[in-house]
Amino acid sequence: MRIDKLLTTVGAASRTEAAKAAKRGEITVNGVPVRRADVHVDPDRDVIVLRGEPIVYKEHVYIMLNKPDGYVSATDDPREKTVLELLPEKYRRLGLFPCGRLDKNTLGLIILTNDGEGAHRVLSPKHHVGKTYRYMCADPLTDVDIDRLASGITLDDGYVTKDAVIRADDGRLTGEITLTEGKYHQIKRMFAAVNNKITYLERISFGHIILDPDLERGQWRELNKEEEALFKA
Ligand code: URA
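K.L.:
Teacher, can you tell me more about the site of the ligand here?
P.N.:
The full set of residues close to the ligand is Leu102, Asp103, Thr106, Tyr133, His185, Gln186, Ile187, Lys188 and Leu201. Taking Ile187, its main chain carries an N or O atom lying 3.1 Å from a nitrogen atom of the ligand. Here an oxygen atom of the ligand sits 3.1 Å away from a polar atom, N or O, in the main chain of Lys188. Out of a free accessible area of 240 Å², the ligand has 95% covered by protein chains.

K.L.:
Which parts of the structure should I look at to understand the domain arrangement of the chain?
P.N.:
The extent of an interface is frequently quoted as the accessible surface area lost upon association of the parts. Domain parsing of the chain yields domain 1 (3-54), domain 2 (62-125 + 213-232) and domain 3 (130-206). Here the C-alpha centroids of domain 1 and domain 2 sit 28 Å apart.

K.L.:
Explain helix 5 (residues 143-150) here, please?
P.N.:
For an α-helix, the turn length of 3.6 residues means that residues three or four places apart are oriented alike. For helix 5, the set of buried residues is Asp145, Ile146 and Leu149. All buried residues of helix 5 fall inside an arc of 100 degrees around its axis, so they share one side. Opposite its buried face, helix 5 presents the exposed residues Asp143, Val144 and Asp147, each directed more than 90 degrees away. If you follow the buried residues of helix 5, they end up packed against strand 11 (165-168) and helix 6 (186-193).

K.L.:
I would appreciate a short explanation of the side chain of Ser73 in the present structure.
P.N.:
Structurally, the position occupied by Ser73 is in the loop between strand 6 (71-72) and strand 7 (81-82). Reaching out from Ser73, the side chain makes a polar contact with the backbone oxygen of Leu102 at a distance of 2.9 Å.

K.L.:
Help me understand the nonpolar core, please; the structure alone is not making it clear to me.
P.N.:
Generally speaking, soluble globular proteins have nonpolar side chains that are buried together. Counting residues in hydrophobic clusters, the biggest one holds 32 residues, and the most contacted among them are Tyr135, Ile177 and Phe191. Broken down by secondary-structure element, the contributors of at least two residues to this core are strand 5 (62-67), strand 9 (107-113), strand 10 (131-137), helix 5, strand 12 (174-179), helix 6 and strand 13 (198-206). Composition of this core by domain shows at least three residues from each of domain 2 (62-125 + 213-232) and domain 3 (130-206). Counting residues in each nonpolar core, the second largest holds 16 residues, with Ile3, Ala13, Val34 and Val41 among its members.

K.L.:
Just to check I follow, could you spell out the pattern of salt bridges for this structure?
P.N.:
Two side chains of opposite charge can pair, provided their charged atoms sit close to one another. The tally for this structure, following the rule as stated, stands at 23 salt bridges. Salt-bridge contacts for Asp169 lead to Arg134; the nearest nitrogen and oxygen are separated by 2.7 Å. Within this pair, whereas Asp169 is found in the loop between strand 11 and strand 12, its partner Arg134 is found in strand 10, the two being separated by 35 residues in sequence. Via salt bridges that share partners, Lys58, Glu222, Glu228 and Lys232 belong to a single interconnected network.

K.L.:
So what exactly am I meant to see when it comes to helix 2 (residues 15-23) here?
P.N.:
For helix 2, the complete set of buried residues consists of Ala18, Ala21 and Ala22. Projection of helix 2 onto a plane perpendicular to its axis shows the buried side chains occupying an angular sector of 100 degrees, all on one side. Seen from the open side of helix 2, the exposed residues pointing more than 90 degrees away from its buried face are Thr16 and Lys23. Looking at the buried positions of helix 2, the neighbouring elements they touch are helix 1 (3-9), strand 1 (27-29) and strand 3 (48-50). Residue Gly25 follows helix 2 closely and has a positive phi angle near 75 degrees.

K.L.:
How should I be thinking about the pairing of strand 9 in this particular structure?
P.N.:
Residues in a regular strand point their side chains to alternate faces of the sheet. Within strand 9, 7 of the 7 residues are buried, leaving the element largely enclosed by the surrounding structure. Relative to strand 9, strand 5 is paired through 6 bridges, and the arrangement is antiparallel. For Asn66, the partnering residue across the bridge sits in strand 9 and is Leu109. Pairing geometry for strand 8 (residues 97-98) and strand 9, over 2 bridges, is antiparallel.

About the criteria used
Residues numbered from 1 in each chain as written. Predicted model: local features only at pLDDT ≥ 70, side-chain atom pairs only at ≥ 80, totals over all residues. Heavy atoms only, no water. Near = heavy atom within 4 Å. Polar contact = N/O pair within 3.5 Å; in protein donor to acceptor, adjacent residues only side chain to side chain. Areas by Shrake-Rupley, 256 points an atom, 1.4 Å probe, with all protein chains shown as cover. Domains from an automatic or database assignment. Buried < 20%, exposed > 50% of the residue type's maximum accessible area, 1.4 Å probe, protein only. Helix = DSSP H or I, 4+ residues; strand = E, 2+ residues; numbered from the N terminus. Arc of directions from axis to C-beta. Contact = heavy atoms within 4.5 Å. Core = buried A, V, L, I, M, F, W, Y, C linked by side-chain atoms within 4.5 Å. Salt bridge = Lys/Arg side-chain N within 4 Å of Asp/Glu carboxyl O. Pairing = 2+ DSSP bridges.

What follows is the structure, given as structure tokens:
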């Protein structure tokens, strides 16, 4: 792989910056400065350093973000703040996109990646990846509501939801719901279909990946090895 391609893939430099850095002798491969950005390196074996910083090559990046209120799950938007804006500049060059959408006022776990194939796989309804949300609603849920929400309910556009797992806490105003699909405003519309209203929604897990409780709203980190394996599994 060309060294400039490697540096752009990991977001360490643009192609032009890589060329300039090489000319200035700021890139070393196995301790030796390279003077051209088109030299080929083996990312698995060569030690590449840019201005004293070792470069760790990864084909894809996977990020867990704790989405705050008021951000849209898009890569860019003419009016709204996007979840991408919560990441540092370096990560914004990597072609990351949110893996599925949360509403502007929904909080919690969002995964950003540039692994198009992986994202497609986990979002495909055929793979039944469960996403769990904590909810709060305006009126206490009845047993009948819970049964209807769990066993497929008809939404305002006639769509019948797939089976869901729903649990209500004591008081029946809060609880958790797990869906294996993600239609537009799905949970809000499911609750509307039982004449209720969602007043709070937070995604707490995506498949087996759980929102890190140490991440404050708006904070993010890369997935660790185990989480990355779960995402790809
Ligand atoms: N269901 C919703 O209604 N909103 C979300 O953001 C996610 C699921």
